[in-house]
Amino acid sequence: MDLVVNGRPVQLDLDPETPLLYVLRNDLGLMGTRFGCGSGSCGACMVLVDGHPMPSCDLPLSAVDGKAVATVEGLGDPHPLQAAFLAEQAAQCGYCVSGILVNAAALLARDPHPTEDAVRSQLDRNLCRCGVHNRVVRAVLRAAESA
């Protein structure tokens, strides 16, 4: 399999059915993407595939052959969203934040000045048990204002 991960070409000789999340964490050492539910429902494992947010826990490696994958580590250092999340104290335990950042980055790439409703709609698939969704929404809107 040939893919580009965070801007770097990668060639892998692995079982094509291996979930992308395991490849990222176990084979490429990218630990920012987290395992949440294992069924693609919670958003903790969200990555960008050719710019589109997708859960990586149930996405087979074969599905990203020839594509570009971006993880939270590949968003930029620091990405404006990361600064906004710090300013708004939008991460409590932080477990789900990498998936939220990736999903929010996809939104801002598509819509640099989203409405609050657009942010809430985009992040609907990202679950956070800490109850900081309002802070997360404010952080995404802050990042949009700073761009």
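Residues numbered from 1 in each chain as written. Predicted model: local features only at pLDDT ≥ 70, side-chain atom pairs only at ≥ 80, totals over all residues. Heavy atoms only, no water.

Going by what an unreviewed UniProt entry lists, the protein is known as (2Fe-2S)-binding protein and is assigned to Tenggerimyces flavus.

A. Region of interest: the side chain of serine 56. Here serine 56 shows up in the loop between strand S4 (52-55) and strand S5 (68-70). A distance of 2.7 Å separates a polar side-chain atom of serine 56 from the backbone oxygen of cysteine 45. (Helix = DSSP H or I, 4+ residues; strand = E, 2+ residues; numbered from the N terminus. Polar contact = N/O pair within 3.5 Å; in protein donor to acceptor, adjacent residues only side chain to side chain.)

B. Local environment of a nonpolar patch on the surface. A cluster of nonpolar side chains, Tyr22, Phe35 and Tyr95, forms an exposed patch at the surface whose accessible area comes to about 290 Å². On the secondary structure map, tyrosine 95 appears in the loop between helix H2 (80-87) and helix H3 (97-110). (Patch = residues over 30% accessible without salt bridge, like charges linked within 9 Å, V, L, I, M, F, W, Y side chains within 5 Å. Areas by Shrake-Rupley, 256 points an atom, 1.4 Å probe, with all protein chains shown as cover. Salt bridge = Lys/Arg side-chain N within 4 Å of Asp/Glu carboxyl O.)

C. Broad picture of the layout of surface pockets. By volume, the largest pocket is sized at about 220 Å³. What lines the largest pocket is Gly36, Cys37, Cys42, Ala44, Cys93, Tyr95, Cys96, Leu127, Cys128, Arg129 and Cys130. (1 Å grid on protein atoms, 1.4 Å probe; cavity = no way out; pocket = protein on both sides within 12 Å on 5 of 7 lines; lining within 4 Å. Points joined across faces, edges and corners; volume = space filled by probe spheres on them.)

D. Focus on the pattern of salt bridges. Taken as a whole and judged by the stated rule, the model has 3 salt bridges. Linking arginine 142 and glutamate 88 is a salt bridge whose minimum nitrogen-to-oxygen distance equals 2.9 Å. Residue arginine 142 is located in helix H5 (residues 133-146), and its partner glutamate 88 is located in the loop between H2 and H3; the two are separated by 54 residues in the primary sequence. Taken together, the shared-partner salt bridges connect Glu88, Arg138 and Arg142 into one network.

E. Inspection of the environment of valine 23 at higher detail. Within the secondary structure, valine 23 is located in helix H1 (residues 20-27). Using a relative accessible area of 1% as the deciding quantity, one classes valine 23 as buried. The contacts of valine 23, once residues within four sequence positions are left out, are Leu12, Leu14, Thr18, Leu28 and Leu61. (Buried < 20%, exposed > 50% of the residue type's maximum accessible area, 1.4 Å probe, protein only. Contact = heavy atoms within 4.5 Å.)

F. The arrangement of the nonpolar core in detail. Ranked by size, the top nonpolar core spans 29 residues in total, and within it Leu75, Leu81, Phe85, Leu101, Leu123, Val136 and Val140 carry the most contacts. For this core, the elements supplying multiple residues, two or more each, are strand S3 (46-49), H2, H3 and H5. With 9 residues, the single largest contributor to this core is H3. Discounting residues that sit within four places of it in the chain, leucine 101 has contacts with Val72, Leu75, Leu81, Gln82 and Phe85. Membership of the second largest hydrophobic core comes to 14 residues, among which are Val10, Leu12, Leu30 and Leu61. (Core = buried A, V, L, I, M, F, W, Y, C linked by side-chain atoms within 4.5 Å.)

G. How the structure looks around unusual backbone geometry. The linkage connecting aspartate 77 with the following residue, proline 78, adopts the cis geometry, with an omega of -10°. Turning to its location among the elements, proline 78 is positioned in the loop between S5 and H2. For asparagine 6, which is not a glycine, the phi torsion comes out positive at approximately 50°. Within the chain, aspartate 50 stands out as a residue other than glycine whose phi angle is a positive 50°. Looking at where aspartate 50 falls in the secondary structure, it is placed in the loop between S3 and S4. Residue aspartate 50 is classed as partly exposed on the basis of its relative accessible area of 44%.

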